[in-house]
Amino acid sequence: MSKILVVDDEKAIVDILKFNLQREGYVVVTAYNGEEGLQVFERENPDLMLLDIMMPKMDGLQVCKTIRNKYDTPIIMLTAKAEEVDKVLGLELGADDYVTKPFSVRELMARIKANLRRNVLENKNTEEVQVMTFDNMSINTNRYEVTIDDVPIALTVREYELLKFLATRKEQIFTREQLLEKVWGYEYYGDVRTVDVTIRRLREKIEDVPGKPKFILTKRGIGYYFKG
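Residues numbered from 1 in each chain as written. Predicted model: local features only at pLDDT ≥ 70, side-chain atom pairs only at ≥ 80, totals over all residues. Heavy atoms only, no water.

Trainee: What is the right way to look at the sheet that holds strand 2 (residues 27–31) in this model?
Mentor: Sheet strands pair via backbone hydrogen bonds, and the direction of the pair is either parallel or antiparallel. Reading across from one edge, 2-1-3-4-5 is the order of the 5 strands in this open sheet, with parallel pairing throughout. The open sheet terminates on both sides in strands that have one partner only, identified here as strand 2 and strand 5 (97–100). Neighbouring strand axes in the sheet, compared pairwise and without regard to direction, differ in orientation by 20° on average. Direction of pairing for strand 4 (residues 75–79) relative to strand 5: parallel, over a ladder of 4 bridges. By the bridge assignment, I76 is partnered in strand 5 with D97. The strands that helix 1 (residues 11–23) touches are strand 1 (3–7), strand 2, strand 3 (48–52) and strand 4; relative to strand 2, the one it contacts most, it runs at about 170°. (Pairing = 2+ DSSP bridges. Helix = DSSP H or I, 4+ residues; strand = E, 2+ residues; numbered from the N terminus. Axes fitted to C-alpha atoms, helices over the stretch in contact; angles between N-to-C directions. Contact = heavy atoms within 4.5 Å.)

Right, here's the structure in full:
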């Protein structure tokens, strides 16, 4: 069963999350500040991290940035703030998802399962290596690897899944709402800025000129599609 690291300075929140996660069958490890969270992360190598933003010693945004320098482990940010800037900043730093407190346990569990999908698929043995090539970019769907000019590109779970989804459906235009449903795996209640931020981060990593993309294009007023 997957191991989940919960990092939050509010013990009551940690206890509630731990109880519900263990009830779902997950192995749970905990930490109560940013510095401790990094230490536990390195020691326990969790499959997913629930990370509070506002914490002592080191806030969640700093923790997320540090982890993203080395790992692509799914990170779901927990924040008591509803302001758009906190959500967007977390995504910009590499978080895969976020949940605003107070949150429903049912919704959080759905998001955890959605963000663990890639980890489950990676553990399946596949015999045939599948590689999609578009100009100077290759996507290896078995290794979850993307290369540009044969150089591996570091993508988060969500960035990879979004790229793969669009690349396997060339020329099909998808609205932001459709992408939230198909790629994120649950209803996002209209918070489409999540898609825009992830698309921007993805373009910065795979496009020669992010402002003039050749792979992921925008259909004004509708959404996005993959040209390739």
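Trainee: I'm lost on the pattern of salt bridges in this one. Help?
Mentor: It is possible for side chains bearing opposite charge to pair when their charged atoms get close. In this structure the tally under the stated criterion is 19 salt bridges. Between E92 and R200 there is a salt bridge, and its shortest N-O distance comes to 2.0 Å. One end of the pair, E92, is in helix 4 (residues 84–92); the other, R200, is in helix 9 (residues 193–206), and 108 residues separate them in sequence. The partner of K214 in a salt bridge is D208, and the shortest N-O contact between them spans 3.3 Å. On the basis of relative accessibility, which here comes to 30%, the residue K214 falls in the partly exposed class. Salt bridges here are not isolated pairs; linked through shared partners, they connect D8, E10, D52 and K101. (Salt bridge = Lys/Arg side-chain N within 4 Å of Asp/Glu carboxyl O. Buried < 20%, exposed > 50% of the residue type's maximum accessible area, 1.4 Å probe, protein only.)

Trainee: When you look at the sheet that holds strand 11 (residues 216–219) in this model, what are you seeing that I'm missing?
Mentor: The 3 strands lie next to each other as 10-12-11, forming an open sheet whose pairing is antiparallel. With one partner strand each, in any of the chains shown, strand 10 (174–175) and strand 11 form the two edges of the open sheet. Where strand 11 meets strand 12 (residues 223–226), 4 bridges bridge the pair, whose relative direction is antiparallel. Paired with L217 across the two strands is Y225, which belongs to strand 12.

Trainee: Would you take a moment to explain helix 3 (residues 60–68) for this structure?
Mentor: Along an α-helix, a turn takes 3.6 residues, which lines up residues three or four apart on a common side. For helix 3, the full list of buried residues reads G60, L61, V63, C64, I67 and R68. Along the axis of helix 3, the buried positions cluster into a sector of 160°, meaning they face one direction only. Among the residues of helix 3, the N-terminal cap falls to D59, whose side-chain oxygen and the backbone nitrogen of L61 are separated by 3.1 Å. (Arc of directions from axis to C-beta. Polar contact = N/O pair within 3.5 Å; in protein donor to acceptor, adjacent residues only side chain to side chain.)

Remember that the coordinates give geometry; whether it matters functionally is a separate question.
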